[in-house]
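# Fold and geometry: a report
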Amino acid sequence: MNEITVYTTNTCPYCHMVKNFLKQQGLSFKEINVQEDQIAGQHLVETTGQMGVPQTNVNGQWVLGFDPNRIMSFVHA
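As the structure is a prediction and not an experimental result, all values here were calculated from the model.

Thresholds, definitions, all that
- Residues numbered from 1 in each chain as written.
- Predicted model: local features only at pLDDT ≥ 70, side-chain atom pairs only at ≥ 80, totals over all residues.
- Heavy atoms only, no water.
- Core = buried A, V, L, I, M, F, W, Y, C linked by side-chain atoms within 4.5 Å.
- Buried < 20%, exposed > 50% of the residue type's maximum accessible area, 1.4 Å probe, protein only.
- Helix = DSSP H or I, 4+ residues; strand = E, 2+ residues; numbered from the N terminus.
- Contact = heavy atoms within 4.5 Å.
- Pairing = 2+ DSSP bridges.
- Axes fitted to C-alpha atoms, helices over the stretch in contact; angles between N-to-C directions.

## Regarding the nonpolar core
Counting eleven residues, the largest nonpolar core consists of Ile4, Val6, Val18, Phe21, Leu22, Leu27, Val58, Val63, Ile71, Phe74 and Val75. Where this core is concerned, the elements lending two or more residues are strand S1 (4-8) and helix H1 (13-24). A total of three residues in this core trace back to one element, the largest contributor, which is H1. Not counting residues within four places of it along the chain, the set of residues in contact with Ile71 comprises Val18, Phe21, Leu22, Val58 and Val63. Residues Tyr7, Ile32, Ala40 and Leu44 belong to the second largest nonpolar core, which totals five residues.

Shown next, in the form of structure tokens:
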């Protein structure tokens with residue numbers, strides 16, 4: 001079982017690309033919209049040091065931006 005969380009905003013095209021990619025791969029994920037949850041957004045910046053989205057946590061490993069190969073490298077088969 002994979003634990004995947006995608007941090008997004010409403011207007012980010014790359015966020016939509018990450019979510020669509022995960023759906024195409026048949027991977028379930030939790031989405032946290034940092035535009036709507038500012039506390040989660042602040043926690044994200046404190047955790048990763050990055051303000052951009054998407055940021056995806058895949059089984060404890062962070063992926064910044066839309067990087068399908070890196071995402072899949074952390075997915076358990």
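So that's the structure; there's more coming.
## With respect to the side chain of Thr56
Locating Thr56 in the fold gives a position in strand S3 (residues 55-58). Of the residues examined, Thr56 reaches a relative accessible area of 0% and is grouped as buried.

## Re the side chain of Thr5
As for its placement among the helices and strands, Thr5 is situated in strand S1. A relative accessible area of 14% means that Thr5 is categorised as buried. Non-local contacts of Thr5, meaning those with residues more than four positions away in its chain, are made with Lys30, Ile32, Gln55, Thr56 and Asn57.

## Looking at the sheet that holds S1
Ordered by their spatial adjacency, four strands build an open sheet running S2-S1-S3-S4, and the pairing between neighbours is mixed. Of all the strands in the sheet, just strand S2 (30-33) and strand S4 (61-64) have a single pairing partner and so form its edges. Neighbouring strand axes in the sheet, compared pairwise and without regard to direction, differ in orientation by 20° on average. The pairing of S1 with S2 spans four bridges and is classified as parallel. Counterpart to Val6 in the pairing with S2 is Glu31. Its contacts with the sheet put H1 on S1, S2 and S3, and the angle it makes with S1 is roughly 160°.

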